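Next come the chains, spelled out residue by residue.
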Amino acid sequence: MAVFPAFFGLVLVSLVTGQTVEITPREAVRRVGDDLTVLCKVSYPIDSCRMTVGSTPYRLIPSQQDEEVVYSGQGLQFGECGAHIKHIKEEWNGNISCMLPPPSGSIEVTGIMRLVVAKPPANPQLISPPQSNFKEGDVFMAQCIVPNGRPVAKITWFLDDDQFLTGVHQPIITSEPGIDLETISQNITKELSADDNGKRLVCRAEHEALDSPREAARQLVVYYPPKRTEAGQVTIFGLKIGSEGRLNVTVRANPPPEAQWTVGELVLAAPQKNEDSSITALEPVHLGGGYYNVTLVLTAVAKEDVDRTYYLRVSNDLGREEFALRLSTMDEPAGVQLSPGAIAGIVVAILLLITLVSLTVFAKATDRWCFAGRSHRTDIPDGADSEAPLPPHDDIKGSENPTHEHGDFISNGDTKHPEKKPDTAV
């Protein structure tokens with residue numbers, strides 16, 4: 001019999017300790033000085049409400065609203081035990097607990113939420129190779145570290161204003177023993193190209209305790225050999241015999257390129273002129289972004305200039321690119337451009353043509369419409385019904401006394417009507 005009371009007591013303890021408290025929110029991040037409202041609720045009326053914020057306990061009474069932590073809620077009779085914390089303090093980082101009386105017995109029921117008092121991290125640190133420039137194809141690696149934030153900071157990478165996503169490694173979060181501050185670090189790997197030259201690599205740190213993001217950055221300098229902007233032979237249009245002619249070629253290069261022109265037997269390294277100054281090779285002009293304009297000036301275009309091929313070699317320490325140029329006195333041909341309306345008209349016309357062809361094939365195959373009556377039977381197979389349809393009227397018109405096995409045709413004006421002869425007695 002002693003087993004029964006022990007079992008009953010165990011069940012009672014389980015029911016009391018199993019009573020749940022609904023607490024909202026379960027976690028919150030606030031700055032120092034912010035406010036926060038925490039609400040604990042049970043399904044039965046209560047007669048007391050206690051909260052522990054940080055290490056300080058508070059007994060909350062609905063009628064008392066002058067303290068730094070005051071009651072919030074609809075009332076104890078509704079089972080609500082809430083706390084309005086007017087000004088968050090640094091030392092309150094941690095758990096907030098509410099203690100409410102149980103439906104019966106003396107063991108209080110408890111709800112716990114997590115308050116994170118945000119603390120801004122130190123400035124981000126960008127660690128990258130020390131050299132000032134790189135070559136196209138080099139694998140560039142960098143690391144961004146944002147130390148001692150609460151909660152941990154968020155890192156985002158950019159190339160100029162474009163977010164950098166490919167080659168971003170998983171972040172690593174660490175903290176020192178006994179300190180609730182967290183440090184985040186993240187690596188990136190990128191194979192450099194000519195398009196990366198001059199761009200800013202940016203590590204941006206965002207955090208709840210910061211009014212605006214903080215950044216660490218470095219500019220990328222990428223060297224690459226000269227590159228053409230158009231393939232094949234270059235044709236210079238619109239020149240006039242007797243007038244000045246300019247042969248312009250645009251190239252990309254870093255470091256800056258050197259230009260050498262070949263005109264027949266003449267070789268000119270820019271900037272240079274021939275003996276009579278009729279041909280001038282200008283120094284390449286930087287257009288920005290690694291683009292250069294390379295120009296050869298002919299004082300007066302002659303007929304033989306149009307008949308020859310000009311050669312250009314552009315080079316720097318990393319390589320070279322060669323061009324063949326021809327001159328033309330014709331205007332540059334304009335590309336064919338169709339408006340959206342013209343394109344729609346062409347599509348409709350094609351659909352109509354397909355429909356017309358389909359209907360024509362169908363009509364011819366089924367002897368319909370304009371193809372009706374074009375095919376005739378000329379042979380009657382054995383056993384076929386002799387009551388075959390009569391031929392069209394046009395086929396018998398003009399015959400003097402046409403006959404048919406069913407009777408004679410009697411002429412009546414221009415139209416002939418078949419009439420069966422009456423039976424006569426013999």
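Being a predicted model, the structure only gives us computed values, none of them experimental.

A. Broad picture of the overall build of the protein chain. Check the secondary structure of the protein chain and you find four helices and 32 strands. The burial tally for the protein chain puts 31% of its 426 residues in the buried class. In the protein chain, of all internal contacts separated by at least 6 residues, the share reaching a separation of at least 24 is 60%.

B. Examining the state of the cysteines more closely. Inspection of every chain in the model, using the stated rule, returns three disulfides. The disulfide partner of Cys 49 is Cys 81, and the S-S distance across this bridge is 1.8 Å. The chirality of the disulfide connecting Cys 49 with Cys 81 is right-handed, given an S-S dihedral of about 75°. Here the residue Cys 49 occupies a position in the loop between β3 (36-41) and β4 (50-53), and Cys 81 occupies one in strand β7 (residues 80-85), the gap between them amounting to 32 residues. With a sulfur-sulfur separation of 1.7 Å, Cys 144 is cross-linked through a disulfide to Cys 203. Disulfide Cys 144-Cys 203: torsion about the S-S bond near -55°, hence left-handed.

C. Structural view of the sheet that holds strand β1 (residues 22-24). Sheet architecture is open: four strands sit in the order β1-β3-β7-β6, paired in antiparallel fashion. Every other strand in the sheet has two partners, leaving β1 and β6 (69-72) as the edge strands with one partner each. The sheet shows a mean angle of 20° between the axes of neighbouring strands, taken without regard to direction. Pairing of β1 with β3, which is carried by three bridges, proceeds in the antiparallel orientation. Each bridged residue has a counterpart across the sheet, and for Ile 23 the counterpart in β3 is Cys 40.

D. Structural detail: the sheet that holds β4. A sheet is described by the order of its strands in space; here five strands give the open sequence β2-β9-β8-β4-β5, paired in mixed fashion. One side of each edge strand has no neighbouring strand; the edge strands of this open sheet are β2 (27-30) and β5 (56-59). Here the average twist between neighbouring strands, direction ignored, is 20°. As defined by bridge partners, β4 adjoins strand β8 (residues 94-100) across four bridges and the pair is classed as antiparallel. Counterpart to Thr 52 in the pairing with β8 is Ser 97.

E. Structural view of a nonpolar patch on the surface. Residues Ile 346, Ile 350, Leu 351 and Ile 354 make up a contiguous nonpolar surface patch of roughly 370 Å² in combined accessible area. Using a relative accessible area of 42% as the deciding quantity, one classes Ile 346 as partly exposed.

F. Spatial organisation of the environment of Gly 73. The residue Gly 73 is located in the loop between β6 and β7 in this model. Take Gly 73: its relative accessible area is 43%, and that puts it in the partly exposed class. In the structure, Gly 73 is positioned 32 residues away from Lys 41 in sequence and 9.2 Å away in space, judged by C-alpha atoms.

G. Representation of unusual backbone geometry within the structure. For the bond from Thr 24 to Pro 25, the omega torsion is -10°, close enough to zero to count as cis. Within the element layout of this structure, Pro 25 appears in the loop between β1 and β2. Along the chain, Ala 270 connects to Pro 271 via a cis peptide bond; the corresponding omega equals -5°. Within the element layout of this structure, Pro 271 appears in the loop between β23 (266-269) and β24 (272-273). Phi at Ser 277 is positive, roughly 60°, even though this residue is not glycine. You can see Ser 277 is positioned in the loop between β24 and β25 (279-281).

H. Here's a closer look at the packing of aromatic side chains. Going through the model one piece at a time under the given rule, you end up with one aromatic pair. Centroid distance Phe 134 to Phe 140: 5.2 Å. Interplanar angle 90°. Geometry classified as edge-to-face. In terms of burial, Phe 134 and Phe 140 fall into one category: buried. A cation over a ring is seen here: Arg 204 above Phe 158, with NZ or CZ 4.2 Å from the ring centre.

I. A look at the pattern of salt bridges. Under the counting rule described, the total for this entry stands at 16 salt bridges. Here Glu 322 and Arg 313 are joined by a salt bridge, their closest N and O atoms 3.0 Å apart. For Arg 313, a relative accessible area of 32% corresponds to the partly exposed category. Within the structure, one salt-bridge network assembled from shared partners comprises Glu 90, Arg 150 and Asp 180.

J. Here's a closer look at the pairing of strand β26 (residues 285-288). Pairing between β26 and strand β27 (residues 291-298): three bridges, direction antiparallel. Its bridge partner lying in β27, Gly 288 is registered against Tyr 291. Two successive antiparallel strands, β26 and β27, enclose a turn made up of two residues, where Gly 289 displays a positive phi of approximately 65°.

K. View of the environment of Val 221. The residue Val 221 is located in the loop between β18 (214-219) and β19 (222-228) in this model. According to the relative accessible area criterion, Val 221 is partly exposed, its value standing at 26%. Val 221 sits 90 residues away from Gln 131 along the chain, and the two C-alpha atoms are 9.7 Å apart.

L. The confidence of the model for the protein chain, seen in detail. Looking at the protein chain, the pLDDT average stands at 83 and 78% of residues meet or exceed 70. Scored below 50 in pLDDT, residues 375-426 makes 35 contacts in the model with residues more than four places away or belonging to other chains.

M. Geometry of the nonpolar core. Core analysis: the biggest nonpolar cluster contains 29 residues, and Leu 36, Ile 96 and Leu 100 have the highest contact counts within it. Counting only elements with at least two residues in this core, the list comes to β3, β4, β6, β7, β8 and β9 (109-117). Ranked by the residues each element gives to this core, the list is headed by β9, at four residues. When near neighbours in sequence (up to four residues on either side) are disregarded, Leu 100 contacts Val 21, Cys 40, Val 42, Ile 46, Gly 79, Cys 81, Glu 108 and Val 109. Of all hydrophobic cores here, the second largest spans 24 residues; its members include Val 234, Val 249, Leu 296 and Tyr 310.

The rules behind the values
Residues numbered from 1 in each chain as written. Predicted model: local features only at pLDDT ≥ 70, side-chain atom pairs only at ≥ 80, totals over all residues. Heavy atoms only, no water. Helix = DSSP H or I, 4+ residues; strand = E, 2+ residues; numbered from the N terminus. Buried < 20%, exposed > 50% of the residue type's maximum accessible area, 1.4 Å probe, protein only. Contact = heavy atoms within 4.5 Å. Disulfide = S-S within 2.5 Å. Pairing = 2+ DSSP bridges. Axes fitted to C-alpha atoms, helices over the stretch in contact; angles between N-to-C directions. Patch = residues over 30% accessible without salt bridge, like charges linked within 9 Å, V, L, I, M, F, W, Y side chains within 5 Å. Areas by Shrake-Rupley, 256 points an atom, 1.4 Å probe, with all protein chains shown as cover. Salt bridge = Lys/Arg side-chain N within 4 Å of Asp/Glu carboxyl O. Phe/Tyr/Trp six-rings, centres within 6.5 Å; stacked < 30°, edge-to-face > 60°. Lys NZ or Arg CZ within 6 Å of the ring centre and 35° of its normal. pLDDT = per-residue confidence, 0-100. Core = buried A, V, L, I, M, F, W, Y, C linked by side-chain atoms within 4.5 Å.

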